[in-house]
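The residues making up each chain are set out below.
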Amino acid sequence: MRMFYHNVKQGFFTFIFLFIFSNFQAAHAGSLEQAKQLHDRIAGVPADAQTLTELSELITAGDPIAAAYQVMESPDFYNTTLKLFASPWTNEDEDIFVPLNDYSATVIGIVRDDIDFRQLLQADIAYVGSSELTLPAYSMTNNAHYEALENQAINLKEHLTQVSQSSLNGLPPTATAGVLTSRAAARAFFYLGTNRAMFRFTLMNHLCTDLEPLKDNTRSPDRIRQDVSRSPGGDSRLFLNNCLACHSGMDPMAQAFAYYDFDFTDDADTGSLVYNNVGTIAATGSRVQAKYHLNATNFPYGFITPDDEWNNYWRQGPNQKLGWDQGLTGKGAGAKSLGEELSHSQAFAQCQVKKVFENVCLRSPESQDDLNQVTSTTASFATHDYKLKRVFAEIGTYCMGE
């Protein structure tokens, strides 16, 4: 009988040991799978065995955020993930395969240096290749410097240097507005047209909305320019129900770009940003670029742009939903203050989180859990001084699986 109880006792302890060991193995295997998913999604490339083990140990220890930050030490996070993340913002076709340029390089640098991401639309900031590299010099008229950085597979984590944008393009520091006044953005969005494209694509790229969802025909039409017909096709209802709904809000804000243009040379790949500095008199009789007074006969009684003072009419009405910063006045002069207005909105913060979610999780937020995570990470983004690495870390751990 004593031998029976001994065998039962021994068998019980053996069972407990095997149960604990098998669960440890399962947990460890799960953390390895999570580590692989985390690295693949954030760095964009597979990890080696040692890195996977280190990440798995951090996850098992209950610190997946630290694991995500370790992944972001990989050069591939900068050369691949962030480059593809930012590239669609730099062109009208939203092409991810365009060459590296001063816009996308500045996004990469701001993320690397943990700078408040709101500075992207307002700071006197740019990034270039380190001076010790053998590269073409930065040029206001071509993209050779950045194409060489990419073609030579330069480690952007190690070899991007922050400089003042005004030192590169000759703009007064007060006229710089982060990527809005980069050469790449100017080439894409100040090209011909009326400069409204810069405003529209900034909304699309950084507030995650086009103009259509923002249509509001209750705003005053007093700042709509002369080039917008008040009865297109002879039907004034089209203006009242469609044109006014966009232009009444857009035109007063796009006025911030009144002194900017992009001047192409004979070659479509060259050309440079143009800015009418103090004392410049354009064809308009002021510093305002000629494009702001084009097609004046469409409606001669429309608004004639005299300067670059802008006003945000969307602080009233349904577009208050964008979450404007009540600490700002909602008006100003020039691109820098407009960039501050846009980047300090709740929509800007939420947009960055959504874009990271789509980039890391390879899908849009869909379920209630997804939406809750977006809300939570948006709040965390603000709490952590708008540092985008933190967003990649939180979203990366959310989508690494259980």
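Further up the page is the structure itself.
Attention in this report is confined to the structure presented alongside it. (Residues numbered from 1 in each chain as written. Predicted model: local features only at pLDDT ≥ 70, side-chain atom pairs only at ≥ 80, totals over all residues. Heavy atoms only, no water.)

What follows deals with the pattern of salt bridges. Working definition: two side chains of opposite charge can pair if their charged atoms are close together. Per the stated rule, a full pass over the model turns up 16 salt bridges. With its nearest N and O atoms 2.8 Å apart, the salt bridge here joins R196 to D251. In this pair, R196 sits in helix α10 (residues 196-206) while D251 sits in helix α11 (residues 236-254), placing the two residues 55 residues apart along the sequence. The pair formed by R196 and D251 is uniform in burial state, with each residue classed as buried. (Salt bridge = Lys/Arg side-chain N within 4 Å of Asp/Glu carboxyl O. Helix = DSSP H or I, 4+ residues; strand = E, 2+ residues; numbered from the N terminus. Buried < 20%, exposed > 50% of the residue type's maximum accessible area, 1.4 Å probe, protein only.)

Counting 103 residues, the largest nonpolar core has F117, L149, F199, F257, Y260, L388 and F392 as the members making the most contacts within it. The greatest single-element share of this core, amounting to 8 residues, is contributed by helix α13 (residues 346-361). With residues near it in sequence (within four places) discarded, F117 still touches W89, V107, I110, V111, F348, Q352, F381, Y386 and L388. (Core = buried A, V, L, I, M, F, W, Y, C linked by side-chain atoms within 4.5 Å. Contact = heavy atoms within 4.5 Å.)

Let us now look at unusual backbone geometry. With a phi close to 55 degrees, D114 is a non-glycine residue in the positive phi region. As for its position among the elements, D114 is in the loop between α5 (102-112) and β1 (126-129). For A153, which is not glycine, the phi torsion reads 50 degrees and is therefore positive. Mapped onto the elements of the fold, A153 is located in the loop between α6 (144-151) and α7 (156-159). Judged by relative accessible area, which is 60%, A153 ranks as exposed.

Before going further, it helps to examine the packing of aromatic side chains. Here the distance between the centres and the angle between the planes together describe a pair of aromatic rings. Tallied over the entire structure, the rule returns 17 aromatic pairs. Each ring, one from F85 and one from W89, has its centre 5.0 Å from the other, and the planes form 65 degrees; the classification is edge-to-face. For F85, a relative accessible area of 5% gives the class buried. Among the aromatic residues, ring-to-ring pairing joins F77, Y78, F85, W89 and F392 into one connected group. Over the ring of F201 we find R200; its NZ or CZ atom is 5.2 Å from the centre of that ring. (Phe/Tyr/Trp six-rings, centres within 6.5 Å; stacked < 30°, edge-to-face > 60°. Lys NZ or Arg CZ within 6 Å of the ring centre and 35° of its normal.)

Take the packing of helix α3 (residues 64-71) against helix α15 (residues 388-398) next. Where α3 contacts α15, the axes come no closer than 9 Å and their chain directions differ by 120 degrees. Considering the angle they form, α3 stands oblique to α15. Our pair here, α3 against α15, has a crossing hand that is right-handed. Where α3 approaches α15, its residues P64, I65, A68 and Y69 are matched on the opposing element by K389, R390, A393, E394 and T397. (Axes fitted to C-alpha atoms, helices over the stretch in contact; angles between N-to-C directions. Parallel < 35°, antiparallel > 145°, perpendicular 65-115°, else oblique. Left-handed = near helix turned anticlockwise from the far one by under 90°.)

Looking at where L294 falls in the secondary structure, it is placed in the loop between β4 (272-275) and β5 (309-311). Residues L294 and P46, spaced 248 residues apart in sequence, show a C-alpha to C-alpha distance of 54 Å.

Enumeration over the complete set of coordinates arrives at 2 disulfides. The partner cysteine of C208 in its disulfide is C351, sulfur to sulfur 2.0 Å. On the sign convention where negative is left-handed, the bridge of C208 and C351, at about 75 degrees about the S-S bond, is right-handed. Separated by 143 residues along the polypeptide, C208 in the loop between α10 and α11 and C351 in helix α13 bring together distant segments of the chain. The disulfide partner of C361 is C399, and the gap between their sulfur atoms is 1.7 Å. Here the S-S torsion is close to 90 degrees, and the disulfide linking C361 with C399 is therefore right-handed. With a gap of 38 residues between them, C361 in helix α13 and C399 in the segment after α15 connect regions that are remote in the sequence. The exposure class of C399 is buried, given its relative accessible area of 10%. If one numbers only the bonded cysteines of the protein chain, in the order they occur, the disulfide pattern is 1-2, 3-4. (Disulfide = S-S within 2.5 Å.)

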